[in-house]
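Notes for the structure review
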Amino acid sequence: MSTYPNAAVASATASVSVDPACAEPLPVLGRDVTVPLVTGGEVSYAALDYAASAPALQRVWDDVAAYAPYYGSVHRGAGYLSQLSTDLFEQSRTTVAEFLDCRPSDQVIFTRSTTDSLNLLAAVLPADCQVFVFETEHHASLLPWGDAQVTYLNAPRTPDEAVATLERALADREPHCPALVCVTGASNVTGELWPVKELAAAAHAHGARIVLDAAQLAPHHPVSVQELDVDWVAFSGHKLYAPFGSGVLAGRADWLQEAEPYLAGGGASRKVARRADGGVDVEWHTTAARHEAGSPNVIGVYSIASACRALTEAGFEDLVARERHLIAKVREGLAEVPAVRILSLFGDEAPRVGVISFVVDGWNSSHFAAALSAEYGIGVRDGLFCAHPLVRTLLGSEPQAQGECGAPEAAPGERSLNAIRVSFGAGTPDEHVDRFVGAVKELVAEGAKWQYRTEEGRCVPAV
């Protein structure tokens, strides 16, 4: 069974002509920013928290800057700038549909984020819909389903087990009720790719639909709605190198058209009329506008479209190859530190994106991340990454009360209630991952050079 999310990824990783070690990262904002170190001096900032928010591509920023003087209201405006902005907004919808290889009948709806997209889908579920979701999901996929009958599936340890687990659950479901499967394309904790195409086939074989959370997949790999055969896909602009707070839900139109609007208001309504009894009658749009009430985030939407074009033009073959080169550097470097344990569901050989979480024996994760920032100018993330059940499963621990930020001599696991995550992508230079690996080795071998304390639950340098 293939563990790649679609055949294009396997092709991309097998037929690359570029030397990934020589390829240049894509230009991003912030690449020249310097930050102070508590030990003295300054250093260029190594942004290694792409999984939370990736830096904006320079290309995206330039496109937005070029459009900004022409910013105007979208839809219904008679003025030139309004008409231009409307055209740009709708062209962006087409660009996103092409980027995702949507079916001709699919709708592309602009939202605020992946979380907003999945909450929108949850709001339009038919009555009596059953939802199936693995406990390994990000909270954006785990929590929105409200009053639906939700079945939470245990964390699988192989891609094959994921498919078998889903098939068993679907075989036991009420066959006459609608059903939806929600699955990630790439884990925001381990970076591992999930067998999306196989899960989609299992869902459809049992009469269920499937939505793909592509928040961590779309910035790193091509995503084809048609190749994967998913019913919907959701992702966020801020993880796709596009700032300004927009997201996408793209896919089948029927459930979206049949449900009440996600938000009621201007833009969603096609016609509103007073009734004789004093109330109002509303005719809602059946297009994507039905769920886009209010003034849309035109700049956010345009930035997503710009990022889609930039990534497509850069070529995912080259981007995938270069990222695999960086992944290998980090994993091989961490493997040389016995105190480091990398978290994984599917094992070392599983294909993955540039997201790696780990723990360090004897260290509280917040303390370690704080030292990376304060002493080396490296930005990573520590915590449970809005995927609490998954991280606790991987750590083999139960929830505990938060302790102080701790010291290196703390007993393993005593205060390390969470993990450290390093993540990178198309804008990451080799120097950043080299510095990160070197900093991990130095901290483990020599300890922190500075004293730290807990302030509002976070470990910070002591003044």
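For the structure, check the block above.
The structure displayed is predicted, hence computed values, not measured ones. (Residues numbered from 1 in each chain as written. Predicted model: local features only at pLDDT ≥ 70, side-chain atom pairs only at ≥ 80, totals over all residues. Heavy atoms only, no water.)

1. Details of the overall build of the protein chain
Stated precisely, the cut-off is as follows: Under the DSSP-based scheme used, a helix requires at least four consecutive residues in state H or I and a strand at least two consecutive residues in state E, with every element numbered from the N terminus. The globule rule used for comparison is 2.2 Å times the number of residues to the exponent 0.38, while the radius of gyration itself is calculated over C-alpha atoms. The rule is simple: take the accessible area with a 1.4 Å probe, protein chains only, and divide by the maximum for that residue type; under 20% is buried, over 50% is exposed, in between is partly exposed. For this analysis, residues touch if any pair of their heavy atoms sits within 4.5 Å.
Counting its secondary structure elements, the protein chain contains 14 helices and 19 strands. Relative to its length of 463 residues, the protein chain is compact, with a C-alpha radius of gyration of 23 Å against a globular reference of 23 Å. Overall, the C-alpha framework of the protein chain stretches about 80 × 55 × 50 Å when taken along its three principal axes. Counting over 463 residues, the protein chain shows a buried share of 56%. Considering only contacts in the protein chain between residues 6 or more positions apart, those separated by 24 or more positions represent 73%.

2. A word on the sheet that holds strand 6 (residues 149-153)
For the record, the criterion: Strands were regarded as paired on the criterion that DSSP finds at least two bridges between them. In this description, a line fitted to the C-alpha atoms serves as the axis of each element, helices being fitted only across the stretch in contact, and the angle between N-to-C directions of two axes falls anywhere from 0 to 180 degrees.
Judged by pairing direction, the sheet is mixed, and its seven strands sit side by side in the order 4-10-9-8-7-5-6 without closing on themselves. Of all strands in the sheet, those with a lone pairing partner are strand 4 (107-111) and strand 6, marking the two edges. Going from strand to strand, the sheet's axes swing by 20 degrees on average, the running direction of each strand aside. Relative to strand 7 (residues 179-184), strand 5 (residues 130-134) runs parallel, the two sharing four bridges. Opposite valine 133, over in strand 7, you have cysteine 182 as the bridge partner.

3. A short note on the sheet that holds strand 17 (residues 419-423)
Strand order in the open sheet formed by four strands is 13-14-17-16, with antiparallel pairing between adjacent strands. With partners counted over all chains shown, the strands left at the sheet margins are strand 13 (340-342) and strand 16 (381-383), one partner each. The sheet shows a mean angle of 30 degrees between the axes of neighbouring strands, taken without regard to direction. Sheet topology places strand 14 (residues 355-360) next to strand 17; four bridges connect them, and they run antiparallel. Bridging across to strand 17, phenylalanine 358 finds its partner in isoleucine 420.

4. Some words on the state of the cysteines
Under the convention used in this document: The disulfide criterion is simple: two cysteine sulfur atoms within 2.5 Å.
Under the criterion given, the structure shown has zero disulfides. Take cysteine 177: it sits in no disulfide, and the sulfur closest to it among the cysteines is that of cysteine 129, at 8.6 Å. Here cysteine 386 is not cross-linked by a disulfide; its sulfur's nearest cysteine counterpart is in cysteine 182, at 15 Å. Take cysteine 386: its relative accessible area is 42%, and that puts it in the partly exposed class.

5. A few points about the nonpolar core
Threshold: Residues grouped as a nonpolar core are buried Ala, Val, Leu, Ile, Met, Phe, Trp, Tyr and Cys residues, joined through side-chain atoms within 4.5 Å.
By size, the foremost hydrophobic cluster in this structure holds 83 residues, and its most contacted members are Val96, Leu100, Leu166, Trp194, Leu212, Phe235 and Val248. For this core, the leading source of residues is helix 10 (residues 298-314), giving nine residues. Setting aside residues no more than four positions away along its own chain, phenylalanine 235 makes contact with Val96, Leu100, Ser113, Thr114, Ala214, Ala215, Ala218, Leu240, Gly247, Val248 and Ile304. Counting residues in each nonpolar core, the second largest holds 33 residues, with Leu334, Val337, Phe358 and Val380 among its members.

6. As for the pairing of strand 18 (residues 452-455)
The sheet contact formed by strand 18 and strand 19 (residues 458-461) spans four bridges and is antiparallel. When the bridges of strand 19 are listed, tyrosine 452 appears paired with proline 461. Following strand 18, the chain reverses through two residues before pairing antiparallel with strand 19; glutamate 456 in that reversal takes a positive phi of roughly 55 degrees.

7. Quick notes on the packing of aromatic side chains
The geometry of an aromatic ring pair is captured by the separation of the ring centres together with the interplanar angle, meaning the angle of the planes. Rule in force here: Two rings belonging to Phe, Tyr or Trp (six-membered ring only in the last case) form a pair when the distance between their centres is within 6.5 Å. Interplanar angles under 30 degrees mark stacking, angles over 60 mark edge-to-face geometry, and anything in between is tilted.
Overall, the coordinates contain eleven aromatic pairs when judged by the stated rule. In textbook terms, an aromatic cluster arises when at least three aromatic residues are bridged by ring pairs, as seen for Phe358, Trp363, Phe368 and Phe436.

8. Brief notes about the pattern of salt bridges
A side chain with one charge can pair with a side chain of the opposite charge if their charged atoms come near. Definition in use: Definition used for salt bridges: Asp or Glu carboxyl oxygen within 4 Å of a side-chain nitrogen of Lys or Arg.
Scanning the model with the defined rule gives 26 salt bridges in all. Its salt-bridge partner being glutamate 313, residue arginine 59 comes within 2.9 Å of it at the nearest N-O pair. Remark: glutamate 313 occurs in helix 10 and arginine 59 occurs in helix 2 (residues 58-67); sequence separation between them is 254 residues. By relative accessible area, arginine 59 is classed as partly exposed at 30%. With a closest N to O distance of 3.5 Å, arginine 112 and aspartate 116 form a salt bridge. By relative accessible area, which is 8% here, aspartate 116 ends up buried. Linked through salt bridges whose partners overlap, the residues forming this network are Arg59, Asp63, Arg309 and Glu313.

9. Here we look at the packing of helix 3 (residues 80-99) against helix 10
Just so we agree on the cut-off: The cut-offs work like this: below 35 degrees is roughly parallel, past 145 is roughly antiparallel, 65 to 115 is roughly perpendicular, and the gaps in between are oblique. For a crossing to be left-handed, the near helix must be turned anticlockwise from the far one by less than a right angle; the clockwise case is right-handed.
Contact pair helix 3 / helix 10: the axes reach a minimum separation of 9 Å and the direction vectors enclose 40 degrees. If you check the angle between helix 3 and helix 10, you find them oblique. The handedness of the crossing between helix 3 and helix 10 is left-handed. Within the contact between the two elements, helix 3 uses Ser85, Leu88, Phe89, Ser92, Thr95, Val96 and Phe99 and helix 10 uses Val298, Val301, Tyr302, Ile304, Ala305, Cys308, Arg309, Leu311 and Thr312.

10. Describing the side chain of serine 357
We apply this condition: Identification of polar contacts relies on pairs of N or O atoms within 3.5 Å, with a donor-acceptor requirement for protein atoms, meaning one able to donate a hydrogen and the other able to accept it, and with residues adjacent in sequence counted only if both atoms are side-chain atoms.
Here serine 357 lies in strand 14. Take serine 357: its relative accessible area is 1%, and that puts it in the buried class. A polar contact is formed between the side chain of serine 357 and the backbone oxygen of valine 189, at a distance of 2.6 Å. Discounting chain neighbours no more than four positions away, the residues touching serine 357 are Val189, Arg341, Ile342, Leu343, Phe385, Ile420 and Arg421.

11. Observations concerning helix 2
Definition in use: Taking the helix axis as origin, the arc is that swept by the directions to the C-beta atoms.
Among the residues of helix 2, those classed as buried are Val60, Asp63, Val64 and Tyr67. An end-on view of helix 2 places all buried positions within 95 degrees of arc, on one side of the element. Residues of helix 2 that are buried make contact with helix 3 and helix 10.

12. Here we look at the pairing of strand 4
Extensive coverage of strand 4 is indicated by the burial of five of its five residues. Alternating residues of strand 4 divide into Gln107, Ile109 and Thr111 and Val108 and Phe110, and every residue in both groups is buried. The sheet contact formed by strand 4 and strand 10 (residues 247-251) spans five bridges and is antiparallel. From the neighbouring strand, threonine 111 faces strand 10, where its bridge partner is glycine 247.

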